[in-house]
Amino acid sequence: MFWVLLLLLAWAAAGISCTRLCLAAVRAASVDADAARGHDLTLYEAAFLSGGPARVADLTLVSMARQRRLLLAHTGWATVVDPRGRDDMERSVIGAIGPEGQSRIAPVRATAAGADSVRRLADRLVAAGLAVPDGDRTTVAEAVRQVRAAAAAVLALAVAALLLPAQSTGSEIPVAVWFALPLLLTVSCLAIARIEVHPYTRWASPAGQRLLGRLARHSDASDDDRTYLTSVAVRGVRAIGEPEVRAALAHRDRDAGLGGWLQGAREGG
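Residues numbered from 1 in each chain as written. Predicted model: local features only at pLDDT ≥ 70, side-chain atom pairs only at ≥ 80, totals over all residues. Heavy atoms only, no water.

1. Digging into the overall build of the protein
Right, on to step 1. Helix and strand counts for the protein come out as 10 helices and three strands.
Right, on to step 2. Across the protein, helices and strands are ordered from the amino to the carboxyl terminus as α-α-β-β-α-β-α-α-α-α-α-α-α.
Right, on to step 3. Looking at the protein residue by residue over its 269 residues, the buried ones come to 41%.
Right, on to step 4. Sequence separation of 24 or more characterises 72% of the internal contacts of the protein that already satisfy a separation of 6 or more.
Right, on to step 5. Accessible surface, the protein as shown: approximately 14500 Å² in total, 60% of it carbon and sulfur. (Helix = DSSP H or I, 4+ residues; strand = E, 2+ residues; numbered from the N terminus. Buried < 20%, exposed > 50% of the residue type's maximum accessible area, 1.4 Å probe, protein only. Contact = heavy atoms within 4.5 Å. Areas by Shrake-Rupley, 256 points an atom, 1.4 Å probe, with all protein chains shown as cover.)

2. With respect to the sheet that holds strand 1 (residues 70–72)
Right, on to step 1. Across the sheet, which stays open at both edges, the three strands sit in the order 1-2-3 with antiparallel pairing between neighbours. The open sheet has two edge strands, strand 1 and strand 3 (102–104), and neither has a second partner. With strand direction ignored, the average angle separating the axes of adjacent strands in the sheet is 20 degrees.
Right, on to step 2. As paired strands, strand 1 and strand 2 (residues 77–80) are joined by three bridges and run antiparallel to one another. When the bridges of strand 2 are listed, Leu72 appears paired with Ala78. (Pairing = 2+ DSSP bridges. Axes fitted to C-alpha atoms, helices over the stretch in contact; angles between N-to-C directions.)

3. Examining unusual backbone geometry
Among all residues save glycine, negative phi is the norm, and among peptide bonds the norm is trans.
Right, on to step 1. Residues other than glycine seldom take positive phi values, yet Arg68 does so here, at roughly 60 degrees.
Right, on to step 2. Along the chain, the position of Arg68 falls in the loop between helix 2 (43–66) and strand 1.

4. Side note on a nonpolar patch on the surface
Right, on to step 1. Taken together, the side chains of Phe2, Leu5 and Leu8 define a hydrophobic patch exposed on the protein surface, amounting to about 310 Å² of accessible area.
Right, on to step 2. Within the secondary structure layout, Leu5 lies in helix 1 (residues 2–29). (Patch = residues over 30% accessible without salt bridge, like charges linked within 9 Å, V, L, I, M, F, W, Y side chains within 5 Å. Salt bridge = Lys/Arg side-chain N within 4 Å of Asp/Glu carboxyl O.)

5. Here's the deal with the packing of helix 3 (residues 88–97) against helix 4 (residues 105–113)
Axes are the key here: two packed helices are described by the angle between their axes and the distance separating the axes.
Right, on to step 1. Contact geometry of helix 3 with helix 4 gives a least axis separation of 9 Å together with a crossing angle of 135 degrees. Comparing their axes, helix 4 and helix 3 come out oblique. The two elements helix 3 and helix 4 cross, and the hand of that crossing is right-handed. Of helix 4, the residues touching helix 3 (which contributes Val93, Ala96 and Ile97) are Val108, Thr111 and Ala112.
Right, on to step 2. Here the contact of helix 3 with helix 4 is composed, by residue class, of five nonpolar, one polar and no charged. (Parallel < 35°, antiparallel > 145°, perpendicular 65-115°, else oblique. Left-handed = near helix turned anticlockwise from the far one by under 90°. Nonpolar A, V, L, I, M, F, W, Y, C, P; charged D, E, K, R; others polar.)

6. Remarks on the pairing of strand 2
Right, on to step 1. Taking every second residue as pointing to the same face, the buried face of strand 2 carries Ala78 and Val80, while none of Trp77 and Thr79 on the other face is buried.
Right, on to step 2. The turn joining strand 1 and strand 2, which pair antiparallel and follow one another in sequence, is formed by four residues; a positive phi near 100 degrees is taken by Gly76.
Right, on to step 3. The sheet contact formed by strand 2 and strand 3 spans three bridges and is antiparallel. Among the inter-strand pairings, Ala78 is bridged to a residue of strand 3, identified as Ser103.

7. Examining the confidence of the model for the protein
Right, on to step 1. For the protein, mean pLDDT is 82; residues scoring 70 or higher make up 79% of the total.
Right, on to step 2. The weakest mean pLDDT in the protein belongs to helix 10 (residues 243–268) at 55; the strongest belongs to helix 3 at 95.
Right, on to step 3. Segment residues 253–269 is flagged for pLDDT under 50; beyond a separation of four residues in sequence, or across chains, it makes two contacts in the model. (pLDDT = per-residue confidence, 0-100.)

8. Examining the environment of Met64
Right, on to step 1. Relative to the helices and strands, Met64 resides in helix 2.
Right, on to step 2. Its relative accessible area of 0% is what places Met64 among the buried residues.
Right, on to step 3. Sequence separation between Met64 and Gly85 is 21 residues; the distance between their C-alpha atoms is 9.2 Å.

Here it is, written out as structure tokens:
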């Protein structure tokens, strides 16, 4: 009857992971449904709700480059043209570039994303019920991953049980059927989550997601610049139309990956 122990493990994995997903979904939905009422998102707010602090930094870089107050070279360098920032976000970017007026884009982006102005923006959105608090961030997404892992574990345990020497189940029900029940639980839970709480956002609350959904529809189509920046705020750098700017930010991503590899090599060596 060793297969029974495997079945208990399968039920434990399925039950715990599905319970966590349900609790995470309830917490995500507990934000006041009226939070989005009467609130018009700024571009920075839309960027944060869509992609977090890094997206805010990207939007600021793209906005300044579009106004020719900052040059983003395809080689991955940022150069200040106009040192007068028009708001806290722009001043954070200019300060991150430094007094020489030129810097690699990757450290500028990282510094600007961690600036006090971005943290204040996050606090305002959380207080308004539009952003997910720090303690709850990634909860739903992580819970979904745990349920997926549990489903895979149930399948693996079922295969292991079926490969065991023939054992009596104590009834006419095959072993595979017993394992089909926890598998059905995990698959059903994933299906419900897909319908009810998808996309599994890391930053926006349900109220924030509703505002993001309305932002593009309510944007002024005659204002090409705002429409463009709105697209960058919501979709990220893939929405950038200028090849030079897109290449500069793609170079940033390669630099970040190389920096992480070098740091790992130093730590491991």
